[in-house]
Amino acid sequence: MAKIIILGSGGFGLSIAIMCANAGHDVTVWSKFRDEIDAIERTGELKAKLPGVKVPPEVKLTTDISEVRDKDLVILGIPTTFCRGVCEEAAQYIQSESIVVNTAKGLEIGTLKTMSEVTKESMPKNRVAILTGPSHAEELARGVPTTIVVASDDREVSYYVQNTLSNANFRIYVNDDVIGCELGGSLKNVIALAAGVCDGLGLGDNTKAALMTRGIREISALGIAMGAQSDTFGGLSGIGDLIVTCCSMHSRNRRAGILIGQGVSPDEAVERVGTVEGYTCTKNAYELSHRLGVEMPITEQLYAVLFEGLDPKMTIAALMQRPKKNETEKDFLGESK
Ligand SMILES: NC(=O)c1ccc[n+]([C@@H]2O[C@H](COP(=O)([O-])OP(=O)(O)OC[C@H]3O[C@@H](n4cnc5c(N)ncnc54)[C@H](O)[C@@H]3O)[C@@H](O)[C@H]2O)c1
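Cut-offs applied
- Residues numbered from 1 in each chain as written.
- Predicted model: local features only at pLDDT ≥ 70, side-chain atom pairs only at ≥ 80, totals over all residues.
- Heavy atoms only, no water.
- Near = heavy atom within 4 Å.
- Polar contact = N/O pair within 3.5 Å; in protein donor to acceptor, adjacent residues only side chain to side chain.
- Areas by Shrake-Rupley, 256 points an atom, 1.4 Å probe, with all protein chains shown as cover.
- Helix = DSSP H or I, 4+ residues; strand = E, 2+ residues; numbered from the N terminus.
- Nonpolar A, V, L, I, M, F, W, Y, C, P; charged D, E, K, R; others polar.
- Pairing = 2+ DSSP bridges.
- Axes fitted to C-alpha atoms, helices over the stretch in contact; angles between N-to-C directions.
- Contact = heavy atoms within 4.5 Å.
- Phe/Tyr/Trp six-rings, centres within 6.5 Å; stacked < 30°, edge-to-face > 60°.
- Buried < 20%, exposed > 50% of the residue type's maximum accessible area, 1.4 Å probe, protein only.
- Disulfide = S-S within 2.5 Å.
- Arc of directions from axis to C-beta.
- Right-handed = clockwise from strand over helix to strand, strands pointing away.

1. Let's talk about the site of the ligand
Item 1. Inspection of the region around the ligand gives 25 residues, with Glu36, Lys49, Ala137, Arg252 and Glu277 positioned closest.
Item 2. In this structure, an oxygen atom belonging to the ligand sits 2.7 Å away from a side-chain N or O atom of Lys49.
Item 3. Protein chains bury 88% of the 820 Å² of accessible surface belonging to the ligand in isolation.
Item 4. Contributing elements (two or more residues each) for the shell around the ligand: helix 1 (11-22) and helix 3 (80-91).
Item 5. The dominant element in the shell around the ligand, judged by the number of residues it contributes, is helix 3, at 3 residues.
Item 6. Partitioned by chemical class, the residues of the shell around the ligand number 8 nonpolar, 11 polar and 6 charged.

Spelled out as structure tokens, the structure:
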């Protein structure tokens, strides 16, 4: 039995907590917000995100961040934007032996750093891993068989997380390519938003398949330019997460994209859906692609829709009528992709 604290009482944090408690671990869930904890205590569930899923009574709920002290595992389930702040708060109390696992998908706004970089900078004495892959909270919390990847630059840490968190319905693979896993998990949100736009415009399965396939290609092009292994993008944190996010109504990114495709303004779509990490990640990916000179046509078009007022209908011609390409040769006719 491990002593685990989950920081964040949202959908994903709580689904991990429920799974860990059911596996017999000693589990505490922290939220910065008293009302979130009160609502779970009062109803025994997180009605807004996981209706009908009971939180086991053994799960301890707290708003006291000093509870990170004396834990084997500290797992972050906080949206990217707020990760650094929460890590810095927790760093005041955490013991150096605790292993920290970040589950947030995205890059830090402004610095464009990955979540493992942010975590390591904020908690320099701790060993860090990230957990990523196709894992909707709504299914994880209900014990639906799920596979995921743990990545760390310390293999011992990966094996510890794999051994501690694996169970009959939760299978964890180890991958040493931390940057590849993080970029796959972050950038799939951009393509999921675009897939939603595609659905909202009423386009077909052919178009969606094209978008997903060419999407993973541009994600991997950027990833390779940043030092990732190409194989990673064919795995759970790459194509695996892309499939689940582009095809499921659980995906907030896809739902926001659908609204945009139906004519709702991007700002309003994000407002209606809530946390849409692909929105800021589109800006981040756009910036990175320009900084590194990597061609990312889908990201480019989505950026124009989200931030420059382009009509989503106009993106189809822009993508379909690009210069003719060879699918796989990198330098075909002198082009990068
Ligand atoms: N939902 C999923 O299926 C899923 C799956 C895998 C990974 N993730 C990742 O997990 C992270 C959390 O997602 P979620 O779906 O649980 O989100 P959520 O919106 O349901 O919950 C977010 C949690 O973060 C907390 N939070 C928000 N603002 C905060 C602040 N300023 N300071 C401290 N805490 C704050 C909230 O109180 C809440 O407890 C995201 O980065 C997401 O990419 C989610």
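2. Things to note about the sheet that holds strand 4 (residues 73-76)
Item 1. Pairing is mixed in the open sheet, where 8 strands are placed in the order 3-2-1-4-5-6-7-8. Either end of the sheet is taken by a strand with one partner, and the two such strands are strand 3 (60-62) and strand 8 (170-175). Each strand of the sheet is rotated relative to its neighbour by a mean of 25 degrees, with strand direction disregarded.
Item 2. Relative to strand 5 (residues 99-102), strand 4 runs parallel, the two being bridged by 4 bridges. Looking at the pairing, Val74 lines up with Val100 of strand 5.
Item 3. Sitting on the sheet, helix 4 (residues 115-122) is in contact with strand 4, strand 5 and strand 6 (127-132), with an inclination near 155 degrees to strand 6.

3. Description of the packing of aromatic side chains
Item 1. Tallied over the full model, the rule gives 3 aromatic pairs.
Item 2. Seen from their ring centres, Tyr279 and Phe307 are 4.9 Å apart, and the 55 degrees between their planes marks the pair as tilted. Here the residue Tyr279 occupies a position in helix 12 (residues 277-292), and Phe307 occupies one in helix 13 (residues 297-308), the gap between them amounting to 28 residues.
Item 3. The class for Tyr279 is buried, based on a relative accessible area of 18%.

4. Remarks on the state of the cysteines
Item 1. The full count for this structure, using the stated rule, is 0 disulfides.
Item 2. The structure places no disulfide on Cys87, whose sulfur is separated from the nearest cysteine sulfur, that of Cys83, by 5.7 Å.
Item 3. Exposure remark for Cys87: the relative accessible area of 0% places this residue in the buried category.

5. Topic: unusual backbone geometry
Item 1. The phi dihedral of Asp70 is positive, around 60 degrees, even though this residue is not glycine.
Item 2. Judged by its relative accessible area of 35%, Asp70 falls in the partly exposed class.
Item 3. If you check the backbone angles, Leu112 has positive phi at about 60 degrees while not being a glycine.
Item 4. Relative to the assigned elements, Leu112 resides in the loop between strand 5 and helix 4.

6. A short note on the environment of Lys125
Item 1. Position of Lys125 among the secondary structure elements: in the loop between helix 4 and strand 6.
Item 2. For Lys125, a relative accessible area of 69% puts it in the exposed group.
Item 3. Along the backbone, Lys125 and Ser96 are 29 residues apart, and their C-alpha atoms lie at a distance of 5.3 Å.

7. Things to note about helix 11 (residues 266-273)
Item 1. When helix 11 is considered as a whole, its buried residues turn out to be Pro266, Ala269, Val270 and Val273. Projected down its long axis, helix 11 carries its buried residues within an arc of 95 degrees, all on one side. For helix 11, the exposed residues lying more than 90 degrees away from the buried face are Asp267, Glu271 and Arg272.
Item 2. Structurally, helix 11 contributes buried residues whose contacts are with helix 10 (252-261), helix 12 and helix 13.
Item 3. Looking at the residues trailing helix 11, positive phi occurs at Gly274, about 100 degrees.

8. Section: the pairing of strand 7 (residues 146-151)
Item 1. The buried fraction of strand 7 is high, at 5 of 6 residues.
Item 2. Across 6 bridges, the pairing between strand 7 and strand 8 is parallel. Residue pairing for strand 8: Thr147 is matched across the bridge by Arg171.
Item 3. With respect to chirality, the unit in which strand 7 leads through helix 6 (residues 155-165) into the neighbouring parallel strand 8 is right-handed.

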